[in-house]
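Examination of the molecular architecture
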Amino acid sequence: MADKFKLSIIAPDALFFEGDAEFLEFTSTEGDLGVYANHIPLTTIVEPCVATIHNDGEKKKAAVLGGFAEILKDKVTILAEAAQWPEEIDLARAEASLKRAQERIAAKKEGTDMKRAEASLKRAVARIETIE
């Protein structure tokens, strides 16, 4: 049995997840991260992504829509801008958001907030990938 660590994912409106994990996968601004117990201490910015929680042979996926992560030897805390389980995601809405963001980025119209469009694109992709 693999060593475990405590994992907390905290969203602005609620404690999204709290429990044990053997392994955690998510994406930071520096790239994809995999965390086991006794990981080197690290603080990083979380990109909108699919976070996968591994524990006791099971995997739980959640859309984590940005935030910050603190990784310690025996605990990981993610302060998320928002987080959703697959069953909480409206696929049609996420696909429509993806299409709008892609159109805004491709059009390159003056006055379009490109950073906002790119962030919207990343959130939509994270939601869609969480369901798949």
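Notes on the structure follow. This structure is a prediction, so every number in the text was calculated from the model and none was measured. Within each chain, residue numbers correspond to sequence positions counted from 1 in written order. At least 70 in pLDDT is required for a residue's local features to be given in this predicted model, at least 80 for side-chain atom pairs to be given and counted, and no such filter applies to totals for whole chains, interfaces and linings, which use all residues. Excluding hydrogens and water, the side-chain figures rest on all heavy atoms present in the structure.

**So, the overall build of the chain**
To be explicit about the condition: Put simply, DSSP H or I for four residues or longer makes a helix, DSSP E for two residues or longer makes a strand, and each gets a number counted from the N terminus. In this treatment the radius of gyration is a C-alpha quantity, and the globule benchmark scales as 2.2 Å times the residue count to the 0.38 power. For every residue, the accessible area obtained with a 1.4 Å probe (protein chains only) is divided by the maximum for its type, and the residue is called buried under 20%, exposed over 50%, and partly exposed between those limits. When checking whether two residues touch, look at their non-hydrogen atoms; a contact exists if any pair is within 4.5 Å. Computed with the Shrake-Rupley method and a 1.4 Å probe, the accessible areas treat only the protein chains shown as cover for residues.
Along its length, the chain carries two helices and eight strands. Counting from the amino terminus, helix and strand elements in the chain follow one another as β-β-β-β-β-β-β-β-α-α. Relative to the globule expectation of 14 Å for 132 residues, the C-alpha radius of gyration of the chain, 16 Å, shows essentially globular dimensions. Referenced to the eigenvectors of the C-alpha coordinate spread, the extents of the chain come out at roughly 55 × 30 × 25 Å. A total of 132 residues make up the chain; the buried ones form 40% of that total. Contacts in the chain between residues far apart in sequence, at least 24 positions, make up 50% of those at least 6 positions apart. Summed over all atoms, the accessible surface of the chain reaches about 8,000 Å², with 49% contributed by carbon and sulfur.

**Quick word on the packing of aromatic side chains**
What characterises a pair of aromatic rings is the spacing of the ring centres plus the angle enclosed by the ring planes. Note the cut-off: Only Phe, Tyr and Trp rings take part, Trp by its six-membered ring, and two of them pair if their centres are within 6.5 Å. Stacked means planes under 30 degrees apart, edge-to-face means over 60, and tilted covers everything else.
Enumeration according to the criterion identifies three aromatic pairs in this entry. Ring centres of Phe16 and Trp85 lie 4.5 Å apart, and the angle between their planes is 25°; this geometry places the pair in the stacked category. In this pair, Phe16 is assigned in strand S2 (residues 14-21) and Trp85 in the loop between strand S8 (83-84) and helix H1 (91-107), connecting sequence segments 69 residues apart. Judged by relative accessible area, Phe16 falls into the buried class, the value being 15%. Taken together, the ring pairs in this structure connect Phe16, Phe17 and Trp85 into an aromatic cluster.

**A word on the pattern of salt bridges**
The condition is simple: Every case where a carboxyl oxygen of Asp or Glu lies within 4 Å of a side-chain nitrogen of Lys or Arg is listed as a salt bridge.
Within the structure shown, the criterion is met by three salt bridges. Between Lys6 and Asp20 there is a salt bridge, and its shortest N-O distance comes to 2.9 Å. Pair noted here: Lys6 is in strand S1 (residues 5-11) and Asp20 is in strand S2, with a separation of 14 residues, a long-range link. Residue Lys6 is classed as partly exposed on the basis of its relative accessible area of 49%. For Asp20, a relative accessible area of 31% puts it in the partly exposed group. The residue Glu47 makes a salt bridge to Lys122 at a minimum N-O spacing of 2.9 Å. Taken together, the residues Glu47 in strand S5 (residues 42-55) and Lys122 in helix H2 (residues 114-131) connect sequence positions 75 residues apart.

**As for the environment of Ile128**
Among the secondary structure elements, Ile128 is positioned in helix H2. When the C-alpha positions of Ile128 and Ala106 are compared, they lie 20 Å apart, and in sequence the two are 22 residues distant. Ignoring any residue separated from it by four or fewer positions in sequence, one finds Ile128 in contact with Leu91, Ala94, Glu95 and Leu98.

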